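Reading the structure
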Amino acid sequence: MSSRLQSGGWTLLRRISLKKPCTRLGSTATAESHGLVQDDSRPETAQASSLLDIGTRKIFTAEHDLFRKNVRRFFEQEVIPYHAEWEKKGDVGREVWKKAGANGILGVNCPAEIGGIGGDWLSASIVQEEQAYSNCSGPGFLLHSDIALPYIVHFGTKEQINKFVPRMVAGTCIAAIAMTEPGAGSDLQGIRTVAKKDGDDWILNGSKTFITNGYMADVVIVVAITDTNAKSAAHGISLFLVEAGMPGFKKGRKLEKIGLKAQDTAELFFDDVRLPSSALLGQANRGFYYLMQELPQERFIVSVTAMAGCEAVFEMTRQYVKDRKAFGKPLAALQTIQHKLAEMKTEICIGRTFVDHCNVLHSTKGLDMQMASMAKFWCSDLQNRVATQCLQMHGGFGYMWEYPIAKAFVDSRVQQIYAGSNEIMKELIARCILADK
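Conventions adopted
Residues numbered from 1 in each chain as written. Predicted model: local features only at pLDDT ≥ 70, side-chain atom pairs only at ≥ 80, totals over all residues. Heavy atoms only, no water. Phe/Tyr/Trp six-rings, centres within 6.5 Å; stacked < 30°, edge-to-face > 60°. Helix = DSSP H or I, 4+ residues; strand = E, 2+ residues; numbered from the N terminus. Buried < 20%, exposed > 50% of the residue type's maximum accessible area, 1.4 Å probe, protein only. Lys NZ or Arg CZ within 6 Å of the ring centre and 35° of its normal. Core = buried A, V, L, I, M, F, W, Y, C linked by side-chain atoms within 4.5 Å. Contact = heavy atoms within 4.5 Å. Pairing = 2+ DSSP bridges. Polar contact = N/O pair within 3.5 Å; in protein donor to acceptor, adjacent residues only side chain to side chain. Expected span 1.5 Å × (residues − 1). Axes fitted to C-alpha atoms, helices over the stretch in contact; angles between N-to-C directions. Parallel < 35°, antiparallel > 145°, perpendicular 65-115°, else oblique. Left-handed = near helix turned anticlockwise from the far one by under 90°. Nonpolar A, V, L, I, M, F, W, Y, C, P; charged D, E, K, R; others polar.

1. Some details on the packing of aromatic side chains
Under the criterion given, the structure shown has 12 aromatic pairs. Between Trp202 and Phe240 the ring centres are 5.4 Å apart and the planes differ by 65°, which places this aromatic pair in the edge-to-face class. One end of the pair, Trp202, is in strand 3 (residues 201-212); the other, Phe240, is in strand 5 (residues 237-243), and 38 residues separate them in sequence. For Phe240, a relative accessible area of 0% puts it in the buried group. Measuring from centroid to centroid gives 6.3 Å for Phe288 and Tyr289, while their planes differ by 85°, and the two rings are edge-to-face. Owing to a relative accessible area of 12%, Phe288 belongs among the buried residues under this scheme. Through pairs of rings, three or more aromatic residues link up here, namely Phe74, Phe75, Trp97 and Phe141. Across from the ring centre of Tyr215, 4.9 Å away, lies the NZ or CZ of Lys254, which sits over that ring. Geometry around Trp401 places Lys261 over its ring, the cationic atom sitting 5.8 Å from the centre.

Have a look at this one:
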């Protein structure tokens with residue numbers, strides 16, 4: 001299976017990457033001139049027999065569909081059968097990371113010339129969606145590939161790229177990014193971790209918490225203050241590549257969460273960690289600007305997975321209410337159930353339309369902070385409403401961990417919190433609304 005997926009996935013992605021990305025909406029160029037010809041024969045999500053059908057949505061091509069089949073097969077064969085055991089353990093182990101690398105699941109949107117797969121953004125979004133469809137939140141692939149890796153690709157030196165990118169794409173080097181601290185969450189300017197210059201080196205002190213992939217990470221992108229005298233914290237933040245095993249770098253316990261039980265989330269501690277100058281990622285004191293450049297993609301990824309999560313729980317609930325009997329007939333025969341399904345599908349399809357529009361924009365670097373924030377808060381709010389309503393339709397069985405809806409329910413809750421809480425997203429949107437033109 002692995003070799004079949006590997007050859008199919010890599011070949012398809014190379015073919016997709018040869019096509020020019022679709023045009024930014026509003027551009028004078030046509031979609032056809034960028035190599036994207038819309039296939040009007042493809043049904044939209046609302047028209048498909050299932051929200052999970054392959055071959056729907058006009059933003060994708062037949063080649064994307066083949067790649068999606070390979071990715072879906074990977075999760076069905078290499079993740080779903082083992083996830084319950086990983087939940088008990090609190091992490092997924094390293095073997096699945098290596099399998100993901102061998103099958104072209106990691107670093108999909110990373111340029112081939114520096115060791116990546118070389119696929120387009122839509123191919124990367126397929127991996128994000130398919131993991132959500134699998135209802136298996138354990139593997140931290142998305143943070144590794146689409147959040148941490150771009151920092152190295154965009155701001156790293158040639159030596160840093162050569163050292164980390166090929167191994168990250170192969171799944172032999174697991175990455176994390178450490179922003180959040182016990183006293184600083186959504187407010188990045190409130191961090192207290194400090195790196196002080198000592199000759200050519202830097203001495204790092206501080207702690208981080210709620211770090212996805214933190215326990216298993218081989219390299220962590222650490223956000224630290226490097227100029228305590230800067231006119232604002234934003235002008236004195238830098239990023240560092242801290243490797244596991246460096247003296248003074250300690251990993252704390254795997255945190256016990258109400259959801260994402262198979263995804264390792266850890267505390268990290270830095271006690272006089274001596275970092276060589278080669279560990280600085282990008283320029284000193286430019287870290288905050290790098291974060292502002294990359295955070296819209298991180299937030300948009302939440303919306304991508306949120307919409308896929310909505311579609312997955314809707315389909316599992318649609319089947320459940322057709323099979324489950326109450327008062328001598330299927331639950332689906334009750335008008336209250338029918339109306340709730342109609343309402344949920346309508347909202348899901350509205351959200352899907354907006355997210356796919358954002359996908360097209362992001363494919364050509366046209367997605368801005370405001371739209372990414374809109375997508376993040378609205379879609380994660382919707383995911384929580386849909387998960388709550390679907391669990392309610394399952395009745396008492398929905399409260400049992402053995403039922404997939406229970407896991408989907410608790411996993412959805414954090415989507416409104418990480419990558420910047422939804423309250424912060426509304427603040428960012430409001431600033432754009434009220435800014436002087």
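Okay, back to it.
2. Considering the nonpolar core
Of all hydrophobic cores here, the largest spans 96 residues; its most connected members are Phe141, Tyr151, Ile221 and Phe300. Tallying contributions element by element places helix 8 (residues 287-323) first for this core, with 14 residues. Beyond its immediate chain neighbours, meaning those up to four positions away, Phe141 contacts Phe74, Phe75, Val96, Trp97, Ala100, Ile105, Leu106, Gln131 and Asp146. Counting 20 residues, the second largest nonpolar core, distinct from the first, contains Ala217, Val220, Phe240 and Phe249.

3. Topic: the pairing of strand 1 (residues 175-178)
Alternating residues of strand 1 divide into Ala175 and Ile177 and Ala176 and Ala178, and every residue in both groups is buried. As paired elements, strand 1 and strand 4 (residues 219-225) share four bridges and run parallel to each other. Paired with Ile177 across the two strands is Ile221, which belongs to strand 4.

4. A look at the side chain of Arg57
Within the secondary structure layout, Arg57 lies in the loop between helix 1 (2-18) and helix 2 (62-78). Judged by relative accessible area, Arg57 falls into the buried class, the value being 3%. Within the structure, Arg57 has its side chain in polar contact with the side chain of Asp356 (distance 2.7 Å). Not counting residues within four places of it along the chain, the set of residues in contact with Arg57 comprises Arg42, Pro43, Glu44, Thr45, Arg68, Glu129, Tyr133, Arg352, Asp356 and Asn359.

5. Regarding helix 10 (residues 369-394)
When the terminal C-alpha atoms of helix 10 are compared, their 37 Å separation across 26 residues agrees well with the 38 Å that a helix rising 1.5 Å per residue should span. Phi for Gly395, located one or two positions after helix 10, is positive at around 65°.

6. Quick word on the packing of helix 8 against helix 11 (residues 404-413)
Interaxial distance between helix 8 and helix 11 falls to 10 Å at its minimum, and their mutual angle equals 150°. Comparing their axes, helix 11 and helix 8 come out roughly antiparallel. The hand of the helix 8/helix 11 crossing is left-handed. Along its contact with helix 8, which presents Val313, Met316 and Thr317, the element helix 11 presents Pro404, Ile405 and Ala408. Among the residues forming the contact of helix 8 with helix 11, the class breakdown is five nonpolar, one polar and no charged.

Read these as layout, nothing more, since geometry by itself doesn't imply function.
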